Amino acid sequence: MGVELIEIPVDAVVSAAARLARAGASDAALALLPAGSQDARVLLARAQVEIGRSYLTGTRGPRAGLLRARAAVARSEDLVLAWDVGLLQVRADLYDALFTPGTRLGSDEGRDPATVERLREAIDHLRSTAPDEGRRAWADFMLGTVFDNLYGVRDVAPALYRSALAPALAAGDDYLVYEVLRHLGDHSHDGGEMDVAREEWEASAFHAARSGSALAMLNQLILLAQLARERGDEAGARLLGSEVGRWAEGLGATRLHSQAAAFAAGADPTRDGG
């Protein structure tokens, strides 16, 4: 039987690949996005899957795909795609900074100040050049995570998260809403507002599920397991934590699987890299 070729719009392929990647099927997503394509949208989508997979495993992401995407986007002279590839570059650099050996989240200890400052300047540029409010919301959120995790100036971040929330909701960007509410819940939790934290984390889990991201959903469940532990429901916390570990292992999410194992041993994911 011969191979049947069918025509599918590029945007539909890119959207399907993104959904597959968020569901944990990175290989299937990449199979839809040929590395030899000349279409900037395809190469950018492929780089997004590759960078996302590096976050899934907690390893440094491959940069060859990102470089190919940057070159293709430059040739396309599409200003929106240029902004999107700039955001992906920032995300890749941020992931690398978050997991730099010898550092810890929420502190500038062990970090190269010049590297962090360049990252902040790149995000400031994205904020000032965003082509729409939904994209600007992403830049606000990313800047908040830099203050939270790389500078350790946590009192600055919540206002940036809140400024991102309404545009993310208006744009129907469930994944960004998940991220924003996850981080706001972290601040509510640290401030002792446990009921508020639970509401924000439960809403975050809802938007994670609606975005199609299995990993995002599991990230929220481990935090809700911690809340159950803090409320004295150790049995419920352990049950939920073990299921997160089981699902994470199945998805190949090695970093989250290790976090779930640490939670079972008594670690607090809101303090130990959560």
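For the structure itself, consult the block above.
S.K.: What is the right way to look at unusual backbone geometry in this model?
M.R.: Trans peptide bonds make up the majority, and among non-glycine residues the majority have a negative phi. Of note in this structure, Glu77 is not a glycine but carries a positive phi near 55°. With respect to the helices and strands, the residue Glu77 is situated in the loop between helix H4 (64-76) and helix H5 (79-98). On the basis of relative accessibility, which here comes to 69%, the residue Glu77 falls in the exposed class.

S.K.: Would you mind showing me how to read the layout of surface pockets here?
M.R.: One water molecule sets the probe size; rolling that probe over the atoms shows where empty space is left. Each pocket or cavity is described by its volume, and for the second largest pocket that value is around 270 Å³. Asp93, Ala97, Thr115, Val116 and Leu119 are the residues nearest the centre of the second largest pocket, which is lined by 16 residues in total. Secondary-structure elements contributing two or more residues to the lining of the second largest pocket are H5 and helix H6 (113-129). When residues in the lining of the second largest pocket are grouped by element, the largest group, five residues, is from H6. Within the lining of the second largest pocket, the residues separate by chemical class into five nonpolar, four polar and seven charged.

S.K.: Would you explain helix H11 (residues 214-230) in this entry?
M.R.: In an α-helix, one turn spans 3.6 residues, which is why side chains three or four residues apart end up on the same side. Between its terminal C-alpha atoms H11 stretches 25 Å, which fits the 24 Å expected from 17 residues at 1.5 Å a residue. Across the 17 residues of H11, 14 count as buried, placing the element largely inside the fold. Taken from the residues just after H11, Gly232 is the one with a positive phi, measuring 95°.

S.K.: What's the story with the packing of aromatic side chains in this structure? I'm lost.
M.R.: We describe a pair of aromatic rings using the distance from one ring centre to the other and the angle between the two ring planes. Tallied over the full model, the rule gives five aromatic pairs. Considering the side-chain rings of Trp138 and Tyr175, the 6.5 Å spacing of their centres and the 20° angle between planes classify their relative orientation as stacked. Here Trp138, found in helix H7 (residues 133-151), pairs with Tyr175, found in helix H9 (residues 174-190); they are 37 residues apart in sequence, far enough to count as distant. The exposure classification of Trp138 matches that of Tyr175, with both residues buried. Pairing Phe147 with Tyr151 gives two aromatic rings, centres 5.6 Å apart and planes at 35°, and the pair type is tilted. On the criterion of helical spacing, the pair formed by Phe147 and Tyr151 is a turn pair, its members being four residues apart in helix H7. Accessibility expressed as a relative area gives 10% for Phe147, which makes it buried. Directly above the aromatic system of Phe263 lies the positively charged group of Arg229, at a separation of 3.9 Å from the ring centroid.

S.K.: Could you clarify how one ought to interpret empty space enclosed by the protein in this entry?
M.R.: Counted according to the given criterion, the structure contains one cavity of 30 Å³ or more. The volume enclosed by the largest cavity comes to roughly 50 Å³. The wall of the largest cavity is formed by Tyr55, Leu56, Leu215, Asn219, Arg255, Leu256 and Gln259. Breaking the lining of the largest cavity down by element, the ones donating at least two residues are helix H3 (40-57), H11 and helix H13 (254-264). Here the lining of the largest cavity gets three residues from one element, more than from any other, and that element is H13. Its residues assigned to classes, the lining of the largest cavity comprises four nonpolar, two polar and one charged.

S.K.: What should I look at first to understand helix H1 (residues 10-22) in this one?
M.R.: Here H1 is 13 residues long and its end C-alpha atoms lie 19 Å apart, about the 18 Å a rise of 1.5 Å per residue gives. Backbone geometry just downstream of H1 places Gly24 in the positive-phi region, at approximately 95°.

Conventions used here
- Residues numbered from 1 in each chain as written.
- Predicted model: local features only at pLDDT ≥ 70, side-chain atom pairs only at ≥ 80, totals over all residues.
- Heavy atoms only, no water.
- Helix = DSSP H or I, 4+ residues; strand = E, 2+ residues; numbered from the N terminus.
- Buried < 20%, exposed > 50% of the residue type's maximum accessible area, 1.4 Å probe, protein only.
- 1 Å grid on protein atoms, 1.4 Å probe; cavity = no way out; pocket = protein on both sides within 12 Å on 5 of 7 lines; lining within 4 Å.
- Points joined across faces, edges and corners; volume = space filled by probe spheres on them.
- Nonpolar A, V, L, I, M, F, W, Y, C, P; charged D, E, K, R; others polar.
- Expected span 1.5 Å × (residues − 1).
- Phe/Tyr/Trp six-rings, centres within 6.5 Å; stacked < 30°, edge-to-face > 60°.
- Lys NZ or Arg CZ within 6 Å of the ring centre and 35° of its normal.

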